[in-house]
Amino acid sequence: MKKVVAIAADHGGFHLKTLLVEFLKGLGKAVNDLGTYSDEPVDYPDYARKVAQEILHKKAEKGILICGSGVGACVAANKFPGIRAAICHDTFSAHQGVEDDDMNILCLGARVIGPELAKEIVRIWLSASFSGAERHCRRLAKIDQIEREFTKWRAKKGKEVKDE
Ligand code: RB5
């Protein structure tokens, strides 16, 4: 998998994204900036989709999503099976979320944290790696199981609705 960081934001996160793209490049990271490219209002699910797809198609290893609070982007990203997105506005969650939970998308709220804290969180998040500990693998396997069960349930429900 390429060591690319995919990043995207809605209008609420556009300015912070611009700073973080430069910050990531300064760290020597390969960055794929998927928009938005201005502060014209857009819809955060469209940007969550772009970053999630880059990860699921293995075009990026990790992703960053920014909206006003981080909430909308996080909720949308977690709808994609295989995505483990979390809002981290502190450095402890940023590294522990990777070490224990294998978080693959970091969500930030540009209206909540300042740029310097955001950079520090990104730096720490990037330097963390999943521990691979048995108990964490077991918990992640349970999340995969929930996704599989829900996917099956939804497919069955869809069929029932069609058959009605
Ligand atoms: C957009 O105004 C705002 O709702 C969005 O950036 C985000 O905060 C949603 O969670």
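Residues numbered from 1 in each chain as written. Predicted model: local features only at pLDDT ≥ 70, side-chain atom pairs only at ≥ 80, totals over all residues.

A. Structural detail: the domain arrangement of the protein chain. Domain annotation of the protein chain identifies domain 1 (4-130) and domain 2 (132-164). Distance between the C-alpha centres of domain 1 and domain 2: 25 Å. Domain 1 puts 4 residues into the contact, and the matching count from domain 2 is 5 residues. A class-by-class count of the residues in the side of domain 1 that touches domain 2 yields 2 nonpolar, no polar and 2 charged. (Domains from an automatic or database assignment. Contact = placed C-beta atoms within 7 Å. Nonpolar A, V, L, I, M, F, W, Y, C, P; charged D, E, K, R; others polar.)

B. Structural detail: the sheet that holds strand S4 (residues 85-87). Here 5 strands make up an open sheet; going across it, the order is S2-S1-S3-S5-S4 and the pairing parallel. Each edge of the sheet is formed by a strand with only one pairing partner; in this case those strands are strand S2 (30-33) and S4. Sheet twist, expressed as the average angle between the axes of neighbouring strands with direction ignored, equals 20°. With 4 bridges joining them, strand S1 (residues 4-9) and S2 adopt parallel strand pairing. Across the sheet, the residue bridging to Ala6 is Asn32, located in S2. (Pairing = 2+ DSSP bridges. Helix = DSSP H or I, 4+ residues; strand = E, 2+ residues; numbered from the N terminus. Axes fitted to C-alpha atoms, helices over the stretch in contact; angles between N-to-C directions.)

C. Structural view of the site of the ligand. Every residue lining the ligand is accounted for by Asp10, Gly12, Tyr44, Cys67, Gly68, Ser69, Val71 and Gly72. Considering only residue class, the shell around the ligand consists of 3 nonpolar, 4 polar and 1 charged. (Near = placed C-beta within 6 Å.)

D. Seen up close, the environment of Glu40. Topologically, Glu40 is positioned in the loop between S2 and helix H2 (44-56). In this structure Glu40 comes out as exposed when scored by C-beta crowding, with 9 C-beta atoms within 10 Å. Between the C-alpha atom of Glu40 and that of Cys67, which follows or precedes it by 27 residues, the distance is 13 Å. (Buried ≥ 20, exposed ≤ 12 C-beta atoms within 10 Å, placed from the backbone.)

E. Broad picture of unusual backbone geometry. Residue Thr36 is reached from Gly35 by a cis peptide bond, and omega for that bond is -5°. Within the secondary structure layout, Thr36 lies in the loop between S2 and H2. In this structure, Lys58 is a non-glycine residue whose phi angle is positive, near 60°. Tracing the backbone through its elements, the reader meets Lys58 in the loop between H2 and strand S3 (62-67). On the basis of neighbour count, Lys58 is assigned to the exposed category, with 10 C-beta atoms found within 10 Å.

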